[in-house]
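# Overview (structure and organization)
Chain by chain, the residues:
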Protein chains: 2
Amino acid sequence: MVQAKSLRRNEAGIETVVGILKQQFGDRLQTGQAIREQHGHTTTWIENQPPDAVVFPHSTQEVSEIVKACATHKAPVIAFGTGTSLEGHVNAPAGGISVDLSQMNKVLAVHSGDLDCVVQPGVTREELNTHLRDQGLFFPIDPGANASLGGMAATRASGTNAVRYGTMKDNILSLEAVMPDGQIIRTGQRARKSSAGYDLTRLMVGAEGTLGIITELTLRLQGIPEAITSARCVFPSVDAACQAVMMTIQYGVPVARIELLDEVSVKAANAYSGLALPETPLLLLEFHGSTGGAVEQAETFGQIAEEFGGTDFAATSTTEERNKLWQARHDMYWASLQLRPGARGISTDVCVPISRLAECVTATRNKAKELELLAPIVGHVGDGNFHTLLLIDMENADEVAKADGFVGWLNDLAIEMEGTCTGEHGIGQGKRSYLAKELGAALTFMEAVKKALDPDNIMNPGKIFPARDG
Amino acid sequence: MVQAKSLRRNEAGIETVVGILKQQFGDRLQTGQAIREQHGHTTTWIENQPPDAVVFPHSTQEVSEIVKACATHKAPVIAFGTGTSLEGHVNAPAGGISVDLSQMNKVLAVHSGDLDCVVQPGVTREELNTHLRDQGLFFPIDPGANASLGGMAATRASGTNAVRYGTMKDNILSLEAVMPDGQIIRTGQRARKSSAGYDLTRLMVGAEGTLGIITELTLRLQGIPEAITSARCVFPSVDAACQAVMMTIQYGVPVARIELLDEVSVKAANAYSGLALPETPLLLLEFHGSTGGAVEQAETFGQIAEEFGGTDFAATSTTEERNKLWQARHDMYWASLQLRPGARGISTDVCVPISRLAECVTATRNKAKELELLAPIVGHVGDGNFHTLLLIDMENADEVAKADGFVGWLNDLAIEMEGTCTGEHGIGQGKRSYLAKELGAALTFMEAVKKALDPDNIMNPGKIFPARDG
C-alpha cells in the first residue's frame, strides 16, 4: 500500500458523537471492523484508513442531525456512496463518521415534460436508467462503475457520453445539501437556467464532500434517441487512432461516444468479456440521432477513419451486440486487473486539449515501455481524457517507486500541455500534490472558500488541499 | 427614476485612490461628470449612481494594480463592459472606481483544432464572431445587446441560442481574474473537462463582479453548421404557441433557437425593423445541422405546430432573410421602446420549468391587461425564459407603483412554479429583494463566500445581496 498520512484525531469528540448517534440510530450505526474497513476502501493503491463508525441515514433531516452532532463536537464527517472512487476519497485520515447514503435511494420525481428528475443521492446510475427506460428517457453520465449519483456529483464524474452530453456539472439543475453547520440548503430551482446569485450548484459539484453532503439532486434528462448506431474501427497505432478522433471532433461530428482501447486493453477485454476483437488499437463509437442522422454520422466518421488508416469499420444498430460491447468497455478496470492477477491497478486520469491528444497518448505509451510497466490505455478520447491502468506488484518497492514516478511524470506532462491531472476522478488524497502546480494561486481562493464554509474542517478532511491539514 | 439606496462612502479612501491612479494612468483616468454618469448608466429604471472616476486599463497587470490600490484604501471597484446590463449592475451606490475594460479588447488566440479561443474581457460578442467567421467557427451566446464577453460572463448571460448551446456557464473553459486583494488567478486550464478542485470558473461566472474582475476568458467555440434553416410560424394565441414549444422540447427536437413574440412585439418589430410579419403571436425558429438534418428538424416542428393551430409556417435558408429576422429579434428592446416614445422600458426576466411556460405566459398577459400596462412579451421560450418589457411613464407615480407591483407579482409567480426571478439578466440592484425568497438559506452561504473572498466588500458593493450593505 501507498501510505496516506494520518491526521490528528479528535478522540474525545469522535467518541462523544459515536455515543450520541448510537442512541439515535441503533443498528443503523455500525462500528464493526469489517464494515469500517469497507467504508475506507477505494479502488486505489492508497492504504485503508477506516472511519470510527458508519451511519445509515434515511432522510435529509437525519443527515442534518448527524452533521450537527459532528459540528458540535468537531468530529469528521465523510459522505459515502458506493466506494468506487479512485483517489482515496472516502478514507478517514482523522477518523470520524462515514455517512453511508445507500439507503437514501429513492427516485423522488420524474418530470418527463421538463426532461428532469429528482433523486436521492444513493440512487445509482444504473438504477436511475432502469427507472427511466419506460418513459423513453435516460441520464447520460456513465463512469465505469455503477456509482451513486451523489458520489458522481461530488467527484464531478463523467464517462463515455461526456463528449456529447457533458459531465455531472452540466447535467445537474440544482442540489439539496446539508452544509457543514447542519443547515439544509437548496442551491436552485428547476428552471433550465438562472442568473440568481452565485452558482452554489457548481460549487458543490466536484467539492468531494468537503463543503457539505449532497442529499438530493435535480438532474437533466435526455430523450432516448430515435436511433443509436455503434461502431468499431481498428487502427495501425494509437497515434493514428487519436488523429482520427481529433479530426472527428474538429469536423463537428456530434459523436455520442468515442473510446480508445490500446492493444493491451483489447486483449484484456477479449479475455474477460469473451469478445473476439482484433488485438490492435481500437476505437469504439456510438452515434445518436434520427435514423438518417445516426447513419450519416457513422458514414462521416468512416471516411475520416479511412484517412488515418482505420480498417475493419463495422457499424451495428443491434441492441444486444451494442450492449455487449459497452458492457465490456465499462468492465475494463476489472478486465485489466486480470492481465496480472494479484497486482493492484493504479489509474491515471489526465485530460488534455484535443490537439495534444495523439502526442500525449504516444508519449505515455513510450514512457511505460521505457519503465517496463504493464499499463493498458483506455480513454474518453473525444474529450482528450484517457486512463492508463498501471498493474503493480505492491510488494515490489522498486516497481511502486517506478509507478509513482510515472504518475508524476504524466500529470506534469498534461499540465504542461494546458491540460489537467484529473479529467473525472477528482483529487481525493492521491492527487493533492499536483493541484498547486495545475492551479497556482487559485488554490488560495479554494482554501478561503473551504475555510469560510467549514471553519473547523470537519467535512472530509485530508482531501483536495495539499498543505492545510497535512 | 426608481431610487437606489446610496451606501456609506469612504470619502478619504476614494480620494486617495483617485489621486494614486491619476498619477499612474494620466488621461486614462477620467473624472468628468458626463463620463461618470455614462458609467453608472444601465438600460433600466434604476437611478444613476455614478462612480468617482473611470479608469481604462490595458492589461491584467494594470487591473491588478488598480484593485490593489482600491484594496489598500478600501475604495469600491466596479467592472464595466458595455453598460448594457439591465439591473443597475454598474451603478456605484458607494462611489468608487469604474474599471472600463473596453480597451482590453484583443482576441488573444483561436485554437481552431480545439474549438476554443482566448479573449480579453472587452471583446464584444459581435467582434468575436466577426473574427471567427473565416475559420468556420462561432460563439453561440447572444444576449440582445452587443455586450462584452467579460460582462456576459459576469451576469451569466444567455440569449436565443441557449436552448441548444447553453449559457455562459456552459461555454467558458476557464478564466483569468483579478481577485479582491489584487492577486491574479487562472481558474483552470484548456482541457474540455476537469475534476481538479472547486469550480472557481463557475463561481466567477454570474458573480456580477462582486468576487473579482474577469481579465481573460477561454471560450468554447462551435463549428458553423453545414446547414441553417430559419422558420416562423403564427399562432392563434400565446398559449397555443407555448404549447407547441413545450411539445417541441419534450419531443427532443434539437432546435437551436425558438423565440416567442406576442402580437404587441410583432407590431413593434414591424414598425422598427421594416418587416411585414402577421400581427399575431409568432414563433421564430432556427435549426442547425447537416443539410438533411436541419430540414428534418424543421419538418418535425412544422407537424407539431400544426397540432396547436400554427399556420403560415415558412422556412428559409437564405442568409440575408434570416439575418434580417434575427436582427429584428435582437432589436426588440429598442423597437418596443418606440411603442411609447418617452417611456422607460423595464424588463422582467423570469424562467420557469417548460411544463409551466404556457400557464406562466398567459397569466402574465392577463395580469398586464388587468393593470392596463403596455407590456410586449418576447422570450427564449425553449428554456422557459421570457421577458415582458413594461413601458412606463416615470413621471406618473401610480403607473410606476403598478409596474413595481407587477414585477413583484411575476417574480413571485415564477418562484412558486419552481422557476427563477432571473433567467439571464442577473440580480444587480433591481432583484435583490427576490433572491432570499428564491434561494432561502442558500443565500447565507453565498454571503459567506463573498465575505471570505472580499472581506472589505470593495468589489461592486450593493449588488446581489439584499441586506448586508443596505
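Owing to the predicted nature of the structure, the values given are computational and were not obtained by experimental measurement.

Once that is clear, we can look at the interface of chain B and chain A. At the interface, 75 residues of chain B touch 75 residues of chain A. Both sides of the chain B and chain A interface together cover about 6,000 Å² of buried area, and 59% of this is carbon and sulfur. Two residues, E418(B) and R190(A), come together in a salt bridge whose shortest N-O distance is 3.1 Å. Summed over the shared surface of chain B and chain A, the result is 38 residue pairs in polar contact (both at pLDDT 80 or more). Of all the secondary structure elements, the ones that give two or more residues to the side of chain B that touches chain A are β9 (184–186), α7 (200–204), α8 (238–250), α15 (432–439) and α16 (442–453) of chain B. If you tally residues by element for the side of chain B that touches chain A, the top one is α16(B), at eight residues. Among the residues forming the side of chain B that touches chain A, the class breakdown is 31 nonpolar, 26 polar and 18 charged.

All names here are of chain A. Split into domains, chain A comes out as domain 1 (107–223) and domain 2 (226–426). Taken over C-alpha atoms, the centre of domain 1 sits 26 Å from the centre of domain 2. Listed as interface residues are 17 residues of domain 1 and, on the opposing side, 19 residues of domain 2. A buried area of about 1,200 Å², summed over both sides, lies between domain 1 and domain 2, and 45% of it is on carbon and sulfur atoms. By the criterion of area lost to domain 2, the three top residues of domain 1 are T160, V163 and R164, representing 46% of everything that side buries. Taken together, domain 1 and domain 2 are joined by one salt bridge. With its nearest N and O atoms 3.1 Å apart, the salt bridge here joins R257 to D142.

Okay, the environment of G430(A) next. For G430(A), the location among the structural elements is in the loop between α14 (397–416) and α15 (432–439). Residues G430(A) and G274(A) lie 156 residues apart in sequence; the distance between their C-alpha atoms is 33 Å.

All names here are of chain A. One way to put it is that helix α8 (residues 238–250) packs onto helix α13 (residues 357–370) with a least axis distance of 8 Å and a crossing angle of 160°. Considering their axes alone, α8 and α13 lie roughly antiparallel with respect to each other. Crossing angle aside, the handedness with which α8 passes α13 is right-handed. In this structure, α8 uses V238, D239, C242, Q243, V245 and M246 to contact α13, whose residues at the interface are L357, A358, V361, T362 and R365. Residues belonging to the contact of α8 with α13 are distributed by class as follows: seven nonpolar, two polar and two charged.

Mapping chain B onto chain A calls for a rotation angle of 180° and an axial translation of 0.0 Å; the resulting RMSD is 0.0 Å. Here the two chains are linked by the operation of a two-fold rotation axis. Both copies share a contact surface, since 100% of the interface residues of chain B are interface residues in chain A too.

Okay, the environment of G95(B) next. Residue and element names in this part refer to chain B. Inspection of the secondary structure puts G95 in the loop between β3 (77–80) and β4 (97–100). Given the relative accessible area of 2%, G95 is considered buried. Once the C-alpha coordinates of G95 and V350 are considered, the two residues, 255 residues apart in sequence, prove to be 30 Å apart. Every residue in contact with G95, bar those within four places of it in the chain, is listed here: R9, I14, D52, P76 and I78.

Attention now goes to the sheet that holds strand β16 (residues 344–347) of chain B. Residue and element names in this part refer to chain B. Spatial ordering of the open sheet is given by β15-β12-β14-β13-β17-β18-β16, a layout of seven strands whose pairing is antiparallel. Two strands in the sheet have a free side with no partner beyond their single neighbour: β15 (311–316) and β16. The sheet shows a mean angle of 15° between the axes of neighbouring strands, taken without regard to direction. Sheet topology places strand β13 (residues 257–261) next to strand β17 (residues 377–380); two bridges connect them, and they run antiparallel. If you follow L261 over to β17, its bridge partner there is V378. Sheet strands in contact with α8 are β13 and β14 (282–289), and its direction is about 165° off that of β13. Across the face of the sheet, helix α13 (residues 357–370) comes into contact with β13, β17 and β18 (385–392) while running at roughly 5° to β18.

How each quantity is defined
- Residues numbered from 1 in each chain as written.
- Chains lettered and ligands numbered in written order.
- Predicted model: local features only at pLDDT ≥ 70, side-chain atom pairs only at ≥ 80, totals over all residues.
- Heavy atoms only, no water.
- Contact = heavy atoms within 4.5 Å.
- Buried area = accessible area lost by both parts, 1.4 Å probe.
- Salt bridge = Lys/Arg side-chain N within 4 Å of Asp/Glu carboxyl O.
- Polar contact = N/O pair within 3.5 Å; in protein donor to acceptor, adjacent residues only side chain to side chain.
- Helix = DSSP H or I, 4+ residues; strand = E, 2+ residues; numbered from the N terminus.
- Nonpolar A, V, L, I, M, F, W, Y, C, P; charged D, E, K, R; others polar.
- Domains from an automatic or database assignment.
- Axes fitted to C-alpha atoms, helices over the stretch in contact; angles between N-to-C directions.
- Parallel < 35°, antiparallel > 145°, perpendicular 65-115°, else oblique.
- Left-handed = near helix turned anticlockwise from the far one by under 90°.
- Least-squares fit on C-alpha atoms with pLDDT ≥ 70 in both.
- Buried < 20%, exposed > 50% of the residue type's maximum accessible area, 1.4 Å probe, protein only.
- Pairing = 2+ DSSP bridges.

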